Every structure is written in structure tokens, then in C-alpha cells.
Amino acid sequence: MSTIENKIGTVFLPVSNIEESRDWYCRLLGIQRKGDIQFGHLYVIELEGVNLVLDQKIFQKTGPLQAPMFHLNAVDIEKAYNELRESNVEVTTTIQHGHWFNFKDPDGNEIMVCQC
């Protein structure tokens, strides 16, 4: 029996500017900003299930994540794809296999959207 639970509690995403990234992700997800930036470099975005923590302290100038470290769910993949393209978000793939595509955040990190 382990005292470590078999679930993911949060995902950390390195960002170069905590305020700009907080605002961008809140707009992207259609949620209001809640809470403060913690310790000058962390912002927690409460999602259903696993939270997303934007972290300016772990950002490395060597480059963004080149492969998605997580995906965001979508009910309608085509609508999500079109909304991001119309919002001038850099979409980096077409809809693949009818259920997922990738885009870049302002720091160039690859994020996946998936209709699962």
C-alpha cells in the first residue's frame, strides 16, 4: 500500500511572463482570473480534474516544449479548431484522425486539444 495516490494532481507549464500567460490562458479557457500570483512566479488555473500551474521560475530560454505535455478536452473538435484559428492562435496541425490538433501558446509551447 502506497501513501502516494495514483492520480496526477497538477501539470506545471513553464512560461516567460506570468501575468501575460495568466491572462492568455484565462481568455483561452473562458475563465475568470481567481487568486493571486504566488511567490512572484506561480499561478494556478483550477480546471476540472487536474490543475494547470503556470510557472515563470522554471522557464528556460533554451526553447519551448516541442511536444505536448498535456491536452485540453473539447466537446466539438472542429469548433475548437476554428475558434483558435479565428483568434489568431498559432495552430500547428490540422485536425488529426478526426479528434485532435496542436497549437502554440505565447511562449511557443505545444498544447494539444482532443475530443476524447
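Residues numbered from 1 in each chain as written. Predicted model: local features only at pLDDT ≥ 70, side-chain atom pairs only at ≥ 80, totals over all residues. Heavy atoms only, no water.

## Focus on the layout of surface pockets
- Each pocket or cavity is described by its volume, and for the largest pocket that value is around 620 Å³.
- The wall of the largest pocket is formed by 20 residues, among which Leu 29, Leu 47, His 71, Leu 72 and Asn 73 lie closest to the centre.
- Its residues assigned to classes, the lining of the largest pocket shows 14 nonpolar, 3 polar and 3 charged.
- Computed from the structure, the second largest pocket encloses a volume of approximately 160 Å³.
- Taken together, Cys 26, Ile 31, Gln 32, Lys 34, Gly 35, Asp 36, Gln 38, Tyr 43, Val 44, Ile 45 and Glu 46 form the lining of the second largest pocket.
- Take the lining of the second largest pocket: its biggest share by element is 3 residues, from strand β2 (residues 42–45).
- Among the residues making up the lining of the second largest pocket, the classes are represented as 5 nonpolar, 3 polar and 3 charged. (1 Å grid on protein atoms, 1.4 Å probe; cavity = no way out; pocket = protein on both sides within 12 Å on 5 of 7 lines; lining within 4 Å. Points joined across faces, edges and corners; volume = space filled by probe spheres on them. Nonpolar A, V, L, I, M, F, W, Y, C, P; charged D, E, K, R; others polar. Helix = DSSP H or I, 4+ residues; strand = E, 2+ residues; numbered from the N terminus.)

## Quick look at the packing of aromatic side chains
- If you walk through the whole model with that rule in mind, you get 3 aromatic pairs.
- Considering the side-chain rings of Trp 24 and Tyr 25, the 5.0 Å spacing of their centres and the 80° angle between planes classify their relative orientation as edge-to-face. Note on accessibility: Trp 24 and Tyr 25 belong to one class, buried.
- By the ring-pair criterion, three or more aromatic residues cluster together here, those being Trp 24, Tyr 25 and Phe 103.
- The aromatic ring of Tyr 43 is capped on one face by Arg 22, whose charged end is 5.9 Å from the ring centroid. (Phe/Tyr/Trp six-rings, centres within 6.5 Å; stacked < 30°, edge-to-face > 60°. Buried < 20%, exposed > 50% of the residue type's maximum accessible area, 1.4 Å probe, protein only. Lys NZ or Arg CZ within 6 Å of the ring centre and 35° of its normal.)

## A closer look at helix α2 (residues 77–86)
- All buried positions along α2 are accounted for by Ile 77, Ala 80, Tyr 81 and Leu 84. Seen along its axis, α2 keeps its buried residues to an arc of 100°; they face one direction. Seen from the open side of α2, the exposed residues pointing more than 90 degrees away from its buried face are Glu 78, Lys 79 and Glu 86.
- Summarising the contacts, the buried residues of α2 are in contact with α1 (18–29), β5 (100–104) and β6 (110–114).
- Of the residues that open α2, the one with a side-chain oxygen 3.2 Å from the backbone nitrogen of Glu 78 is Asp 76.
- Two residues or fewer past α2, Asn 88 is found with a positive phi of approximately 60°. (Arc of directions from axis to C-beta. Contact = heavy atoms within 4.5 Å. Polar contact = N/O pair within 3.5 Å; in protein donor to acceptor, adjacent residues only side chain to side chain.)

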